[in-house]
Amino acid sequence: MLTMILKRAAMAIPSLIGVVIVTFLLTRALPGDPAAYFAGPAATPQAIQEVRVKLGLDKPLIEQFGRYVVDLGHGNLGNSLTTGQPVLTELRTRLPASAELTLLGLLVSIVIAVPLGILAATRPNSLIDHACRVVATLGVSLPVFFTGLILVYVFYYLLGWAPAPLGRLDVFFDPPPQVTGFYLIDSLIARQPELFMASLKQLILPALTLGIFSLAPIARMTRASMLAVLSSDFVRTARASGLSSFTVIVTYAFRNAMLPVITTLGMVFSFLLGANVLVEKVFAWPGIGSYAVEALLASDFAPVQGFVLTMAVMYVALNLMIDVLYGLIDPRVRLEA
Amino acid sequence: MTDIAATPRRDAALTALLRHARYVIAENPVTGFAFALFVLIVLAAILGPDIVPYNPLASDTAQALKPPSAHHWFGTDQLGRDVFSRVIVATRLDFFIAVASVALVFLMGGLAGVAAGFFGGWTDRVVGRIADTIMAFPLFVLAMGIVAALGNTVQNIVLATAIVNFPLYARIARAEANVRREAGFVEAARLSGNSDWRILAFQILPNVFPIMVVQMSLTMGYAILNAAGLSFIGLGVRPPTPEWGIMVAEGAAFMVSGEWWNAFFPGLALMVAVFCFNLLGDGLRDMVDPRRRT
């Protein structure tokens, strides 16, 4: 098992190198002169030259790259022009908000999509099967920011059930003392049930938006792989041996059917992390996505670059975790490694 | 004389095409529906600016934020512009972005993938490495980064959307070219003295083409969503240009105060377009490869 994890981790290294090269090239592809850009609009030619030397832009490209890698190694992602803060600090304070939202969104979609896919597969061509198909087709057609706005209109404006889509917490509440950065968990640790409810209320709509968005691939994959597994020999044997249909479906079929679904999660995460940016904008969520969007609009490039790099590193790490999880669930993968 | 000779043959070809189309539509009414919708979208993209009742840019503050009515089918926005006219006129730009980016990635990814699958060796490794690197990013995030780095223009949105779709096209083209590399007809062409490039152009490409076209229609929906998402966060298209993503963004502020039509109709148009392309893509895939039906 350990060798498998190490082997898989080694396979992630080329991806990481690629990611670092691409983010480096993205800064160097900035339109115009990066030195003039980093010096600011009011800089004199002399100041620009100073910035050029300070940033090492007068050196050959390969040396600049070396310097960039060393900076990354020290956790230096540059400073934001608009706030003057180091990008790494800001990303770190905002990351829990994004992570809490994304993970809850994924949880919502798994809780809905997996049972839906299983039910659809056990009753082909039934009403629930058609419902599953409609959900899957609609889910991929709905722009995620549009879903979010519709939910806001219905649940905030029309029904008044949800709070205003303005961030993680109502203004009347103070955030809980930080332990994990996840308000749901921190408020429980601080034993403040009202705070827990308040942050849950803020979270429900954006998490649901993300959930609806990632529902389609998970439901479709669960249905397809359940169908394949249910028609296999070992399920027939289990049925013929007189096991209850619950045991057959849950213990025999489901565990095997989960494998392709877990593989799909990698793709789902790619979409979720992107959709997260849009959802954060709709709900004024103070995460790293809205931070990057604000920086983008202000032509402040260092935060955007830091954001792209962080997202890519997280995505590579997530894929690594998915593969390890795959090995835990399926011993055959372990043997092959 | 040539005209007279050509007409019956052309008629026959047209009848055969119509018959085939009728068969396909009867077989799968959903595809027929999607095709009808597609024709509507193309018509709106071509004729849009000429058929809309109002100037999409003309503001009329006396009529600001009016709900849908007989005069303004989709209501009016905060500057009193007719939302219906804006949604229809926006079709051209959104459709152009999607078609252009899909065509671009078709060229880049298709050619790179076919070359990788056919030649193998270092070509394969280079293309594979590029595709893997792109896949290491969450796609929308990479698109954001590309547009931010190259500059905030519509052309760069097209380019970014094409780049993030590159791995998908390259992989499919590579797989399809790879299985045909040792095929009988390729060997035959090689034995009759054709060069590698000639085989690639006249034997491999025509065979990979239909599969790639299906891929194009399948990714068209994603291309529209991607581009609209980018303009929703304020990249590429600038106001007051009518474009679905930016219209939803502008209408978003009014959603919380109940003026739903501002964001709803452009969002709906976006959804219908994506839905149509997805259905059409599924239908085309069934036609090209009936085994992959789900």
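Keep in mind it's a predicted model, so treat the numbers as computed, not measured.

Visitor: Could you clarify how one ought to interpret the overall build of chain B in this entry?
Guide: Counting its secondary structure elements, chain B contains ten helices and zero strands. Each helix and strand of chain B, placed in order from N terminus to C terminus, yields the pattern α-α-α-α-α-α-α-α-α-α. By principal-axis analysis of the C-alpha atoms, chain B measures approximately 75 × 55 × 40 Å. When the 294 residues of chain B are sorted by exposure, 50% land in the buried category. For chain B, the accessible surface area stands at approximately 13800 Å², while carbon and sulfur atoms represent 68% of it.

Visitor: Please explain the packing of aromatic side chains as it appears in this structure.
Guide: Each aromatic ring pair is characterised by the separation of its centres together with the angle its planes make. Taken as a whole and judged by the stated rule, the model has 19 aromatic pairs over all chains. With centroids separated by 5.9 Å and ring planes inclined at 40°, the aromatic side chains of F146(A) and F264(B) adopt a geometry described as tilted. In this pair, F146(A) is assigned in helix α7 (residues 144-158) and F264(B) in helix α10 (residues 261-288), connecting two distinct chains. For the ring pair F38(B) and F277(B), a centre distance of 5.9 Å and an interplane angle of 70° mean the geometry is edge-to-face. Of this pair, F38(B) sits in helix α2 (residues 29-51) while F277(B) sits in helix α10, and the two are 239 residues apart along the sequence. F277(B) gets classed as buried once you look at its relative accessible area, which sits at 2%. Note that R168(A) overlies the ring of Y183(A), its terminal NZ or CZ placed 3.7 Å from the centroid.

Visitor: How should I be thinking about the packing of helix α6 (residues 154-180) of chain B against helix α8 (residues 196-232) of chain B in this particular structure?
Guide: The description of two helices packed together rests on the angle between their axes and the distance between the axes. Residues and elements named next belong to chain B. Running from N to C, α6 and α8 point in directions that differ by 155°, and their axes come no closer than 9 Å. Here α6 lies roughly antiparallel to α8, going by the angle between them. Along this stretch, α6 crosses α8, giving a crossing that reads as right-handed. Residue composition of the contact of α6 with α8, by class: 16 nonpolar, six polar and two charged.

Visitor: Would you explain the confidence of the model for chain B in this entry?
Guide: In low-pLDDT regions, the fine details of the predicted coordinates are not to be read closely. Looking at chain B, pLDDT values average 82 and 91% of them are 70 or higher. Reported confidences for the modelled complex are a pTM of 0.84 and an ipTM of 0.84.

Visitor: Help me understand the interface of chain A and chain B in this model?
Guide: At the junction of the two partners, chain A supplies 45 residues and chain B supplies 41 residues. Together chain A and chain B conceal approximately 3600 Å² of surface at their shared face, both sides included; 83% is due to carbon and sulfur atoms. Joining chain A to chain B, the criterion identifies zero salt bridges. Joining chain A to chain B, the criterion identifies one residue pair in polar contact (both at pLDDT 80 or more). For the side of chain A that touches chain B, the residue count by class is 37 nonpolar, seven polar and one charged.

Visitor: I keep staring at the environment of G267(B) and nothing clicks. Help me out?
Guide: Residue and element names in this part refer to chain B. Inspection of the secondary structure assignment puts G267 in helix α10. A residue is classified by how much of its surface remains accessible, and G267, at 0% relative accessible area, is buried. The spatial distance from the C-alpha of G267 to the C-alpha of K66 is 18 Å, given a sequence separation of 201 residues.

Visitor: Hey, could you run me through α7(A) in this one?
Guide: The α-helix winds at 3.6 residues per turn, so residues separated by three or four positions along the chain end up facing the same way. With 15 residues, α7(A) extends 20 Å between its outermost C-alpha atoms, agreeing within 8% with the 21 Å of an ideal straight helix rising 1.5 Å per residue. A positive backbone phi angle near 70° is found at G160(A), which sits one or two residues after α7(A).

Visitor: Please explain the side chain of N278(B) as it appears in this structure.
Guide: By the element assignment, N278(B) lies in helix α10. Here N278(B) falls in the buried class, since its relative accessible area comes to 13%. Discounting chain neighbours no more than four positions away, the residues touching N278(B) are V140(A), S141(A), L218(B) and G221(B).

Visitor: Looking at this structure, I do not really get the nonpolar core. What am I missing?
Guide: Generally speaking, a soluble globular protein has its nonpolar side chains buried in company with each other. Residues F145(A), F307(A), M144(B), I204(B) and I233(B) are the most contacted members of the largest nonpolar core, which totals 160 residues. Broken down by element, the residue count for this core peaks at 17 residues, all from helix α11 (residues 245-282) of chain A. Among all residues touching M144(B), those that are not within four sequence positions of it are V277(A), A292(A), V293(A), L296(A), F307(A), L230(B), I233(B) and L235(B).

Visitor: Would you mind going over the side chain of T102(A) with me for this structure?
Guide: Residue and element names in this part refer to chain A. Note that T102 resides in helix α5 (residues 87-122). Side-chain polar atoms of T102 contact the side chain of N276, separated by 3.4 Å. Not counting residues within four places of it along the chain, the set of residues in contact with T102 comprises L210, L272, L273 and N276.

Visitor: Where do I start with the packing of α5(A) against helix α13 (residues 301-329) of chain A in this structure?
Guide: Residues and elements named next belong to chain A. Here α5 crosses α13 at 55°, and the two axes come no closer than 10 Å. Classified by the angle their axes make, α5 and α13 are oblique. The interaxial crossing formed by α5 with α13 has right-handed handedness. Taking contact as the criterion, the partners of V87, L91 and L95 in α5 are, on α13, A302, P303, G306, F307, T310 and M314. By residue class, the composition of the contact of α5 with α13 is seven nonpolar, two polar and no charged.

Cut-offs and rules
- Residues numbered from 1 in each chain as written.
- Chains lettered and ligands numbered in written order.
- Predicted model: local features only at pLDDT ≥ 70, side-chain atom pairs only at ≥ 80, totals over all residues.
- Heavy atoms only, no water.
- Helix = DSSP H or I, 4+ residues; strand = E, 2+ residues; numbered from the N terminus.
- Buried < 20%, exposed > 50% of the residue type's maximum accessible area, 1.4 Å probe, protein only.
- Areas by Shrake-Rupley, 256 points an atom, 1.4 Å probe, with all protein chains shown as cover.
- Phe/Tyr/Trp six-rings, centres within 6.5 Å; stacked < 30°, edge-to-face > 60°.
- Lys NZ or Arg CZ within 6 Å of the ring centre and 35° of its normal.
- Axes fitted to C-alpha atoms, helices over the stretch in contact; angles between N-to-C directions.
- Parallel < 35°, antiparallel > 145°, perpendicular 65-115°, else oblique.
- Left-handed = near helix turned anticlockwise from the far one by under 90°.
- Nonpolar A, V, L, I, M, F, W, Y, C, P; charged D, E, K, R; others polar.
- pLDDT = per-residue confidence, 0-100.
- Contact = heavy atoms within 4.5 Å.
- Buried area = accessible area lost by both parts, 1.4 Å probe.
- Salt bridge = Lys/Arg side-chain N within 4 Å of Asp/Glu carboxyl O.
- Polar contact = N/O pair within 3.5 Å; in protein donor to acceptor, adjacent residues only side chain to side chain.
- Expected span 1.5 Å × (residues − 1).
- Core = buried A, V, L, I, M, F, W, Y, C linked by side-chain atoms within 4.5 Å.

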